[in-house]
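Read off the chains here:
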Amino acid sequence: QTNTDLAAIADALRASDDIVICGHVSPDGDCLGSQLALAAALKGLGKRVACLLAKDEPADARLSFLPGFADLVPAARYDGPARTFVAVDVPTRARIGDAVSLLDASETSVVVDHHAAETTMADLTYVDPDAASTTMLVWELAGLLGADRIGDVALCCYAGLVTDTGRFQYQNTDAAALRAASEMAAAGADAAFVSRAVFQSRSEASVRLEGVAIGRMRLEAGGAIAQSWLSREDFEALGATKADAEPVIDALRSIAGVRVACVLREQDGAVRGSLRAKDGTDVAAIARRFGGGGHVAAAGFTLELPLSEAVTTVGRALEEAVAVASQAPLSSDAPAAPSAPD
Ligand code: 5GP
Ligand code: MN
Ligand code: MN
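Not measured: the values here are computed from a predicted model.

(A) Structural detail: the domain arrangement of the protein chain. When the domains of the protein chain are assigned, the result is domain 1 (6–199) and domain 2 (206–325). One C-alpha centre belongs to domain 1, the other to domain 2; they are set 26 Å apart. On the side of domain 2, 13 residues touch domain 1, which itself brings 8 residues to the contact. When domain 1 packs against domain 2, the two sides together hide about 860 Å² of surface, and 36% of this comes from carbon and sulfur. The interface formed by domain 1 and domain 2 includes 2 salt bridges. Viewed at the interface, domain 2 and domain 1 are joined by 4 residue pairs in polar contact (both at pLDDT 80 or more). Considered class by class, the residues forming the side of domain 1 that touches domain 2 number 1 nonpolar, 3 polar and 4 charged.

Here it is, written out as structure tokens:
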């Protein structure tokens, strides 16, 4: 992969009339925010644009306030033109789900992402692992395109930034992220509105699911590891959706002394794992051991194992990883030295 620059991607998009924008399976706020922000910017320039869902399943209803959400089309059911294919917030072909055939059939393909991964799926790739969210890159790209960023573009970009930084709390919250947030707010993104929609609008089932996960949580390695799990029966008993389980891991990581949090949940006949680190533990490396990936401090994977076996196998891997990282101080104990302003 040769990293191109965003200006080259802006040129390619300017030269194209019909564009599809895809994200990853189980799209999060950064994924949908990036897709819908870029779509809004390009539509403002008179382009024909469609936003695709990697899988034919409903996206997280908490994100339905994003302008354009109702027009998302499952890739498997899209039958319009797709000469230019853009993937945002996705590092691998495996994660674009049903959109692979559209990628392969496209004339030009583009990746804009912030995952630190080898990505070879597109003609033009821009990856910045230092960016707190992909929407930070889309915000810059929309500026290079000369698009009107006031309104929808700003709102969608802000939504991606506030979700991928865990409300400006995770380690990726740096000066550039806060500066971009300020620009987006000045361009009309209403921070309190986004927070209410995303963080104060959980379903009852989601909060009850969290109660179940907390009830059976195990603290290992002297309280450095918090691990829990949710079975298919838990979801059925509460009428909970996959998206309802997403906030659960934050409760585990919020415990004092916890360095790594892990939630395993039974989904679509497999086990989905989510990992979060509060210290220097590289949870993406743990996720890669199980065929997944992500960021140093936030990663995920899918295991084709019975849930109980997955709990044991992953638990062992976590204890090994935390034993290695336990020399490093918790980042909350020792804030990183500020780097020189740029
Ligand atoms: P989550 O736990 O919210 O599902 O995922 C956390 C982070 O890890 C996200 O940045 C997501 O893109 C990434 N991630 C989650 N699952 C996978 C996976 O199966 N493969 C890869 N490559 N990345 C993943
Ligand atoms: Mn994402
Ligand atoms: Mn992201």
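(B) Focus on the coordination of the manganese ion (ligand 2). Here the manganese ion (ligand 2) is held by the protein donor atoms His24 (NE2), Asp28 (OD), Asp28 (OD) and Asp89 (OD), which lie 2.1 to 2.7 Å from it. All donors to the manganese ion (ligand 2) come from one chain, and their sequence spacing reads H-x3-D-x60-D. Between the manganese ion (ligand 2) and the manganese ion (ligand 3), a separation of 3.7 Å is found, and both are coordinated by aspartate 89. Taken together, the residues aspartate 28 in the loop between strand S1 (18–22) and helix H2 (29–44) and aspartate 89 in the loop between strand S4 (84–88) and helix H3 (100–105) connect sequence positions 61 residues apart. The two residues aspartate 28 and aspartate 89 agree in class, both being buried.

(C) Fine view of the environment of aspartate 30. Relative to the elements of secondary structure, aspartate 30 occurs in helix H2. Taking the relative accessible area as the measure of exposure, aspartate 30 reaches 0% and is therefore buried. Considering only alpha carbons, one finds aspartate 30 and glutamate 118, 88 residues apart in sequence, at a separation of 20 Å. A distance of 3.2 Å separates a polar atom in the side chain of aspartate 30 from a polar atom in the side chain of histidine 114.

The rules behind each value
- Residues numbered from 1 in each chain as written.
- Chains lettered and ligands numbered in written order.
- Predicted model: local features only at pLDDT ≥ 70, side-chain atom pairs only at ≥ 80, totals over all residues.
- Heavy atoms only, no water.
- Domains from an automatic or database assignment.
- Contact = heavy atoms within 4.5 Å.
- Buried area = accessible area lost by both parts, 1.4 Å probe.
- Salt bridge = Lys/Arg side-chain N within 4 Å of Asp/Glu carboxyl O.
- Polar contact = N/O pair within 3.5 Å; in protein donor to acceptor, adjacent residues only side chain to side chain.
- Nonpolar A, V, L, I, M, F, W, Y, C, P; charged D, E, K, R; others polar.
- Donors = N, O, S within 2.8 Å, 3.2 Å for Na, K, Ca; no water.
- Helix = DSSP H or I, 4+ residues; strand = E, 2+ residues; numbered from the N terminus.
- Buried < 20%, exposed > 50% of the residue type's maximum accessible area, 1.4 Å probe, protein only.

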